[in-house]
Amino acid sequence: NMSFAVGRASADYVKKWERVTRLAQKAGVVFVAAAGNESSDLDQEPLLPAALSLEFDNVITVGASDRRDGRWPHSNYGSALTLFAPGEDIPILVPGGAGFASGTSEAAPLVTGVIATLLSQFPNLQPAQIKQILVKTADRPESLSASDSRGRLNARRALEAVARISSSRHRN
């Protein structure tokens, strides 16, 4: 899970990120990148590592949805966005107790947790399969249709889809 963003990076810095991401992809590592909270179109203002999702199957870029399943107003968007996850008023621990926070840094860990659950049950899944499953099983509420999203995370549907794939392989 990567809840940070770098904009206007040098060509050398971009090449280093691409090299690391390529090596991670070969090793089966999935990167979950927070899209950022500037209300920006990632196509116009690319941020690393979020923008790498267009080039690499092992990068999943997550935007934040609000309580009504719309785009949280500050969430970045664009074709680099893989999917949304709940990101408004997420319970968090703070010094002295609990609190709430909003943003793509709160949404991305939810996707990371679903991926960890998928891999705990089905450790042979490859990054491209994971990304495809998350997109294919995402909810597509009308409130997100205007954005350039492939939907909002649906953990139950993702787990059910992988279980079906696994059981059909065991039967054959």
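Preceding this section is the structure that the text describes.
What counts as what
Residues numbered from 1 in each chain as written. Predicted model: local features only at pLDDT ≥ 70, side-chain atom pairs only at ≥ 80, totals over all residues. Heavy atoms only, no water. Helix = DSSP H or I, 4+ residues; strand = E, 2+ residues; numbered from the N terminus. Buried < 20%, exposed > 50% of the residue type's maximum accessible area, 1.4 Å probe, protein only. Contact = heavy atoms within 4.5 Å. Areas by Shrake-Rupley, 256 points an atom, 1.4 Å probe, with all protein chains shown as cover. Lys, Arg positive; Asp, Glu negative; His and termini not counted. Charge placed at Lys NZ, Arg CZ, Asp CG, Glu CD. Expected span 1.5 Å × (residues − 1). Arc of directions from axis to C-beta. Pairing = 2+ DSSP bridges. Axes fitted to C-alpha atoms, helices over the stretch in contact; angles between N-to-C directions.

A. Main features of the overall build of the protein. Tallying secondary structure elements over the protein gives 4 helices and 7 strands in all. Along the protein, from the amino end to the carboxyl end, the secondary structure elements read β-α-β-β-β-β-β-β-α-α-α. Structurally, the protein occupies a C-alpha span of about 50 × 40 × 40 Å along its principal axes. The 172 residues of the protein split such that 47% are buried. A sequence separation of at least 24 residues applies to 63% of the contacts in the protein between residues at least 6 apart. Surface accessibility of the protein: about 9,100 Å² in total, with carbon and sulfur atoms responsible for 52%. Charge centroids of the protein, computed over 19 positive and 17 negative side chains, lie 9 Å from each other.

B. Fine view of helix α1 (residues 11-26). Here α1 contains 16 residues, and its C-alpha end-to-end distance of 23 Å stays within 8% of the 22 Å for a straight helix at 1.5 Å per residue. All of the buried residues along α1 are W17, E18, T21 and A24. When α1 is viewed along its axis, its buried side chains cluster within an angular range of 130 degrees and face the same direction. Opposite the buried face of α1, at more than 90 degrees from it, the exposed residues are A11, K15, K16, R19 and K26. Contacts from the buried residues of α1 go to β2 (31-34), β3 (47-48) and β4 (59-65). Trailing α1 by a residue or two, G28 shows a phi angle of about 85 degrees, which is positive.

C. The arrangement of the side chain of T21 in detail. Mapped onto the elements, T21 comes out in helix α1. Judged by its relative accessible area of 0%, T21 is buried. Apart from the residues within four sequence positions on either side, T21 is in contact with F31, L52, F56, N58 and V59.

D. Quick peek at the sheet that holds β2. Taken in spatial order, the 3 strands of this open sheet run β2-β4-β5, and their pairing is parallel. Either end of the sheet is taken by a strand with one partner, and the two such strands are β2 and β5 (83-86). Averaged over all neighbouring strand pairs, the angle between strand axes comes to 40 degrees, with direction disregarded. Pairing geometry for β4 and β5, over 4 bridges, is parallel. Along β5, the bridge assignment pairs G63 with F84. Helix α2 (residues 104-121) contacts β2, β4 and β5 of the sheet and is inclined by roughly 130 degrees relative to β4.

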